[in-house]
Amino acid sequence: MIRLATKQDLNEVECIFHEILDKEAATVSYSNWIKGKYPTKAHAELALNQGTLYVGEDETGRLFGCANLNHIQLDEYVKIPWIYEAEGEEVFVIHMLCIRPDCAGQGRGKEFVAFAEELAREKGCKVVRIDTYEGNTPAANLYQSLGYRLAGKTLFHFQNVIWENLICLEKKL
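Trainee: Can you walk me through helix α3 (residues 108-122) in this structure?
Mentor: Side chains that are three or four residues apart share a direction in an α-helix, a result of its 3.6 residues per turn. Between its terminal C-alpha atoms α3 stretches 21 Å, which fits the 21 Å expected from 15 residues at 1.5 Å a residue. For α3, the set of buried residues is R108, G109, F112, V113, A116, E117, L119 and A120.

Structure below.
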């Protein structure tokens, strides 16, 4: 089940961030995120306060992932040659999609994307957009397998912390 997060979820969301970053530190970094810089509990709390933080909960009540789902397009999005015309509230954006490492490969990412698409439809959006680090081939492959089209790539100063090339994808609803 995917639901709006509550204040009680914040510590567990932070644990998910740490689990991902600890695994990447020990293996390979697909996200290019930096522990203590992004994502952090403060980022999750900001999304919670804006009413846009969602969490996935398994049958036992354990959180398997989270995402920030809203209409906010990063400033750098203007550099992307989007195919589908849409502005403001017509665009739904998936940010900070995280799945616990021990839940990866179980379809949880697909579940979150499907949830985001349905929420976007309910809100009357025309398109869903997402970006990911250019080195995050597992995420890029997942999104493309779900019908997202690669729109372009540009340099982002992500969260004013990380300079990185992000690829941007979109799907018409």
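Trainee: Please clarify how the pattern of salt bridges should be interpreted in this entry.
Mentor: Between side chains of opposite charge, a pair can form as their charged atoms come close. Considering all chains together, one arrives at 15 salt bridges under this definition. Its salt-bridge partner being E57, residue R3 comes within 3.0 Å of it at the nearest N-O pair. Here the residue R3 occupies a position in strand β1 (residues 2-4), and E57 occupies one in strand β2 (residues 53-57), the gap between them amounting to 54 residues. On the basis of relative accessibility, which here comes to 18%, the residue E57 falls in the buried class. In this structure, E111 and R108 form a salt bridge, with 3.1 Å as the shortest nitrogen-oxygen distance.

Trainee: Just to check I follow, could you spell out the pairing of β2 for this structure?
Mentor: Of all 5 residues in β2, 5 are buried; the element is thus mostly enclosed. Residues L53, V55 and E57 of β2 are buried on one face, and the alternating residues Y54 and G56, pointing to the opposite face, are buried as well. Where β1 meets β2, 3 bridges bridge the pair, whose relative direction is antiparallel. Looking across to β2, one finds that L4 is bridged to Y54. Connecting β2 to the antiparallel partner strand β3 (residues 63-70) that follows it, the hairpin turn spans 5 residues, and G61 within it adopts a positive phi of roughly 95 degrees.

Trainee: For this particular structure, what's the right way to read helix α4 (residues 137-145)?
Mentor: Among the residues of α4, those classed as buried are A139, A140 and Y143. Buried residues of α4, viewed axially, fall in a sector of 100 degrees; they line one side. Along α4, exposed side chains directed more than 90 degrees from the buried face belong to N141 and S145. Lining the buried residues of α4 we find β4 (91-99), α3, β5 (127-133) and β7 (162-172). Of the residues that open α4, the one with a side-chain oxygen 3.1 Å from the backbone nitrogen of A139 is N136.

Conventions and cut-offs
- Residues numbered from 1 in each chain as written.
- Predicted model: local features only at pLDDT ≥ 70, side-chain atom pairs only at ≥ 80, totals over all residues.
- Heavy atoms only, no water.
- Helix = DSSP H or I, 4+ residues; strand = E, 2+ residues; numbered from the N terminus.
- Expected span 1.5 Å × (residues − 1).
- Buried < 20%, exposed > 50% of the residue type's maximum accessible area, 1.4 Å probe, protein only.
- Salt bridge = Lys/Arg side-chain N within 4 Å of Asp/Glu carboxyl O.
- Pairing = 2+ DSSP bridges.
- Arc of directions from axis to C-beta.
- Contact = heavy atoms within 4.5 Å.
- Polar contact = N/O pair within 3.5 Å; in protein donor to acceptor, adjacent residues only side chain to side chain.

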